[in-house]
Amino acid sequence: MQGVPVAKEELIKNFNQKDMESIASSGMDLSESMRCASFLQQDNKVLLQRSLSDAVDILSTPQALKKFPRLKKYFGKSFKSLNRDYPKDTEGGYFIRVKKGRTVKLPIQACLFLKTKKFEQKVHNVIIVEEGARVYLITGCAASSVAHEGFHLGISEFFVQKGGYLNFTMVHSWREDVSVRPISIAMVEEGASFISNYVCLRPVREIIMYPTAVALGSGARVSFNSLILSHPSTLQDIGSRVIFKAKNAQAEIVARAVSLGGKVIARGHLKAEEQDVKAHLECRGLLLSKQGIIHAIPELETDFRDVDLSHEAAIGKISRDEIEYLCSRGFSQQEAQAIIIRGFMDIDILGLPQVLRKEIKELEDKTLKASL
Amino acid sequence: MLDIKKLSVAVEGKTILKDVDLQIGKGEVLVLFGPNGSGKTTLIKAIMGFGGYSVKRGQMLFRDKVINNFSIEEREHLGIGIMHQHPPKIRGVKLSQIAQFLCKNEKKIKDLARRLSLEEHLDRDINLGFSGGEMKRSELFQVLLQDPHLLLLDEPESGVDLENISIMGKVLNDYLARQDKSALIITHTGYILDYINAEKGCVMMEGEFWCEGNPKEIFESIKKSGYEKCKECQWQKKS
Ligand SMILES: Nc1ncnc2c1ncn2[C@@H]1O[C@H](COP(=O)(O)OP(=O)(O)OP(=O)(O)O)[C@@H](O)[C@H]1O
Ligand SMILES: [Mg+2]
């Protein structure tokens, strides 16, 4: 770890116009006007960590481990519980704690920014939402215009404790020559909710991720929603997994992928290790180019009879009927196509909180307009 | 307005329309009858230029332009509007989005939506989960916002309850009468005839125009004797 957080003016000076645009395109609002806490790490340097709410602690993970020794037990805990290993050579990442019973109205934001060519950014984030607390978190991941051949490894451990609510939105805004490996596990306790919204519309060379949520207690709810745009010569191997270790829990996985010529592997896995579980998995794909590949791999797994697991997947090209229908209303062929794609990539499939909806919609509109 | 000469149209390699001649003048309303599968929708879709309806022969003139090679949206821009018999559902595309594209007058959109009881549908994905009657109302709503010179209405009242037929009929009649608009209306039920002022009707049989006459009289005769009797009826085969 290098560097200490700097003042806002200093921080802004650190970025050129393109950096600012890239950071903004990942949902990070440097004005902090509609945010209650912020964290920004560039390569391996933490540039900003500030909480405007006494309900929220936000700081770099290494600092947090020093400052709050009793929280050490959380670091790596979710991996141990699933008997999984995780990379130890991380530098930084954010630690967020939302205090018991507190509801935070404005989102917390975090940004992981790749600035330097060939840099390998490796972070370990820990997010604890204590009993009954409610919070929105938006994490943006972005790359500078010169971060060629960059690499990002992001470990995230979420602990949503009894009755807590975490709405986590992640926006990826990488470059066509950056490779990315997010690894995350969410531990969702009794009566708690974990909602994950993932948006990846910019090119990325390769991204492989299979975030997992574990429903640990009765009444736990999990939802994974993703919008994926795949550019030529890229690979996005993206899944969502929910493991049910408690009765009376629910989950939903929804993915929409549009391929402009790249390869998308849309995985989904629902595993019920307990009964009285209800979960649905839905994946829809639209292929706009002959080169594009979308491979949906849904998996449902259980030893119990008393569960309700289902999935549906549909992949195809844009229907001519829909295009012609819009043309008969006066849209050009291109306009009709763009409207259908944007409708397909409906941000309403995400479980976005109202305070972020407009922002993310504008962000999506801008990115799609540039891409289509 | 619309002048079709010797039009033959094939679908999937099969000829459906054979040597169809048809004229619709400014302010004129033509009512088209005909049994299931006789080619009525095919005619409308060929006029609108949908893919898969290939014109084998003949000419389509609209407002003195040969439109045979025009794209769908060019025909729309010229002033042809269609109310689809089976419109597709489009996920994520709101009815209001299309309405706002068709008409820049927000008040006009609101008023028409209210008249057609579609205010709550504006914010919904187009046709997704719409009932049969709601779909018809949404189609009429859109095509009227489009404000075309020629309306092509494919069974506007099929599956619509009587109260809503009356509402739709009045809305449609206002439009036609006020602005001297033309229309081609396909109907099986004939209910729409009670609301609009149509002077011309014709019957399509196996891809050909069979006869022409007063629409109410034609409808009464179909009601009484069915299409089977059409072939031997008192009216002359049109050609
Ligand atoms: N895409 C298609 N592929 C194959 N056949 C088609 C296609 N479209 C239309 N047809 C055929 O063309 C004929 C005319 O169909 P059309 O839809 O024009 O009938 P219609 O007069 O509108 O009937 P209805 O009153 O039932 O709506 C039918 O036999 C129909 O099966
Ligand atoms: Mg028809």
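Residues numbered from 1 in each chain as written. Chains lettered and ligands numbered in written order. Predicted model: local features only at pLDDT ≥ 70, side-chain atom pairs only at ≥ 80, totals over all residues. Heavy atoms only, no water.

1. Brief notes about the environment of Trp174(A)
Residues and elements named next belong to chain A. On the secondary structure map, Trp-174 appears in the loop between strand S9 (165–173) and strand S10 (179–188). For the pair Trp-174 and Ser-184, spaced 10 residues apart in sequence, the C-alpha to C-alpha distance is 19 Å. In contact with Trp-174, other than residues within four places in its own chain, are Leu-114, Cys-141, Ala-142, Ala-143, His-152, Val-180, Arg-202, Pro-203 and Val-204. (Helix = DSSP H or I, 4+ residues; strand = E, 2+ residues; numbered from the N terminus. Contact = heavy atoms within 4.5 Å.)

2. Quick look at the packing of aromatic side chains
Aromatic ring pairs: the centre-centre distance and the angle between the two ring planes describe each pair. All names here are of chain A. Following the criterion strictly, the structure yields 12 aromatic pairs over all chains and no others. Ring centres of Phe-194 and Phe-224 lie 6.0 Å apart, and the angle between their planes is 75°; this geometry places the pair in the edge-to-face category. Of this pair, Phe-194 sits in strand S11 (residues 193–200) while Phe-224 is found in strand S14 (residues 221–230), placing the two residues 30 residues apart along the sequence. Phe-224 matches Phe-194 in its accessibility class, with the two residues each being buried. Here the aromatic residues Phe-158, Phe-168, Phe-194 and Phe-224 are joined through ring pairs into a cluster of three or more. Its guanidinium or amino end placed over the ring of Tyr-86, Lys-88 lies 4.1 Å from that ring's centre, counting from NZ or CZ. In this structure, Arg-97 packs its charged tip against the face of Phe-68, placed 5.5 Å from the ring centre. (Phe/Tyr/Trp six-rings, centres within 6.5 Å; stacked < 30°, edge-to-face > 60°. Buried < 20%, exposed > 50% of the residue type's maximum accessible area, 1.4 Å probe, protein only. Lys NZ or Arg CZ within 6 Å of the ring centre and 35° of its normal.)

3. A word on the sheet that holds strand S10 (residues 208–213) of chain B
All names here are of chain B. Read across the sheet, 6 strands follow the order S6-S7-S8-S3-S9-S10 without closing on themselves; strand pairing throughout is mixed. Pairing within the sheet leaves two strands with one partner each, and these edge strands are strand S6 (80–83) and S10. Going from strand to strand, the sheet's axes swing by 20° on average, the running direction of each strand aside. Bridging between strand S9 (residues 200–205) and S10 involves 5 bridges; their strand directions are antiparallel. Each residue of the ladder has a partner; that of Cys-202, found in S10, is Glu-212. (Pairing = 2+ DSSP bridges. Axes fitted to C-alpha atoms, helices over the stretch in contact; angles between N-to-C directions.)

4. Quick word on the site of ligand 1
All names here are of chain B. Taken together, 14 residues lie around ligand 1, and Gly-37, Lys-40, Thr-41, Thr-42 and His-188 are the ones closest in. The backbone of Gly-39 places a nitrogen or oxygen atom 3.0 Å from an oxygen atom of ligand 1. Coverage of ligand 1 by the protein amounts to 65% of the 630 Å² it exposes when considered alone. The leading source of residues in the shell around ligand 1 is helix H1 (residues 40–48), at 3 residues. The class makeup of the residues in the shell around ligand 1 is 3 nonpolar, 8 polar and 3 charged. (Near = heavy atom within 4 Å. Polar contact = N/O pair within 3.5 Å; in protein donor to acceptor, adjacent residues only side chain to side chain. Areas by Shrake-Rupley, 256 points an atom, 1.4 Å probe, with all protein chains shown as cover. Nonpolar A, V, L, I, M, F, W, Y, C, P; charged D, E, K, R; others polar.)

5. Comments concerning the sheet that holds strand S1 (residues 2–11) of chain B
All names here are of chain B. Across the sheet, which stays open at both edges, the 4 strands sit in the order S2-S1-S4-S5 with antiparallel pairing between neighbours. Strand pairing shows two members of the sheet lacking a second neighbour, strand S2 (14–24) and strand S5 (65–66), which therefore form its edges. Bridge count between S1 and S2: 7 bridges; the pairing is antiparallel. Paired with Val-11 across the bridge in S2 is Lys-14.

6. With respect to the domain arrangement of chain A
Residues and elements named next belong to chain A. For chain A, the domain assignment lists domain 1 (8–319) and domain 2 (320–372). Taking the mean C-alpha position of each, domain 1 and domain 2 sit 24 Å from one another. Across the boundary between the two partners, domain 1 contributes 34 residues, which contact 26 residues of domain 2. Of the roughly 2400 Å² buried between domain 1 and domain 2 on both sides combined, carbon and sulfur atoms contribute 76%. At the junction of domain 1 and domain 2, the tally comes to 1 salt bridge. Among the ionic pairs, Glu-359 bridges to Arg-35, the shortest N-O distance being 2.6 Å. (Domains from an automatic or database assignment. Buried area = accessible area lost by both parts, 1.4 Å probe. Salt bridge = Lys/Arg side-chain N within 4 Å of Asp/Glu carboxyl O.)

7. Description of the environment of Gln250(A)
Residue and element names in this part refer to chain A. With respect to the helices and strands, Gln-250 occurs in strand S16 (residues 249–259). Overall, Gln-250 belongs to the partly exposed group, its relative accessible area being 31%. It is 5.4 Å that separates the C-alpha atoms of Gln-250 and Ala-279, two residues lying 29 residues apart in sequence. Once residues within four sequence positions are removed from consideration, Gln-250 is found in contact with Ala-220, Arg-221, Val-222, Phe-244 and Lys-278.

8. Looking at the coordination of the magnesium ion (ligand 2)
Residues and elements named next belong to chain B. Distances from the magnesium ion (ligand 2) to its protein donors, namely Thr-41 (OG1) and Gln-85 (OE1), fall within the range 1.9 to 2.2 Å. Of this pair, Thr-41 sits in helix H1 while Gln-85 sits in the loop between S6 and helix H3 (95–102), placing them 44 residues apart in sequence. On the basis of relative accessible area, Gln-85 is assigned to the partly exposed category, the value being 22%. (Donors = N, O, S within 2.8 Å, 3.2 Å for Na, K, Ca; no water.)

9. Some remarks on the nonpolar core
Counting 107 residues, the largest nonpolar core has Leu43(B), Phe141(B) and Val203(B) as the members making the most contacts within it. The leading source of residues in this core is helix H6 (residues 162–179) of chain B, at 6 residues. Both domain 1 (8–319) and domain 2 (320–372) of chain A contribute no fewer than three residues apiece to this core. Filtering out sequence-adjacent residues up to four positions away, Val203(B) remains in contact with Phe33(B), Gly34(B), Glu208(B), Phe209(B), Trp210(B), Cys211(B), Ile218(B), Ile222(B), Tyr227(B) and Cys230(B). In this structure, Phe194(A), Ala215(A), Val277(A) and Leu309(A) belong to the second largest nonpolar core, which totals 65 residues. (Core = buried A, V, L, I, M, F, W, Y, C linked by side-chain atoms within 4.5 Å.)

10. Structural notes on the interface of chain B and chain A
At the interface, 28 residues of chain B touch 22 residues of chain A. For the pair chain B and chain A, the summed buried area comes to about 1900 Å², and 60% of that belongs to carbon and sulfur atoms. Inspection of the region where chain B meets chain A yields 1 salt bridge. One salt bridge in this structure joins Arg329(A) and Glu139(B), with 2.8 Å as the shortest N-O distance. Counting across the interface, chain B meets chain A through 10 residue pairs in polar contact (both at pLDDT 80 or more). Of all the secondary structure elements, the ones that give two or more residues to the side of chain B that touches chain A are helix H2 (72–78), H3 and helix H5 (132–146) of chain B. When grouped by side-chain class, the residues that make up the side of chain B that touches chain A number 13 nonpolar, 9 polar and 6 charged.

11. Section: helix H6 (residues 333–344) of chain A
Helix length check: H6(A) (12 residues) gives 16 Å between terminal C-alpha atoms against 16 Å at 1.5 Å per residue, within 8%. Turning to H6(A), its buried residues are Ala336(A), Ile339(A), Ile340(A), Ile341(A), Gly343(A) and Phe344(A). On its buried face, H6(A) sits against S16, strand S18 (277–287) and helix H5 (320–327) of chain A together with H3 of chain B. (Expected span 1.5 Å × (residues − 1).)

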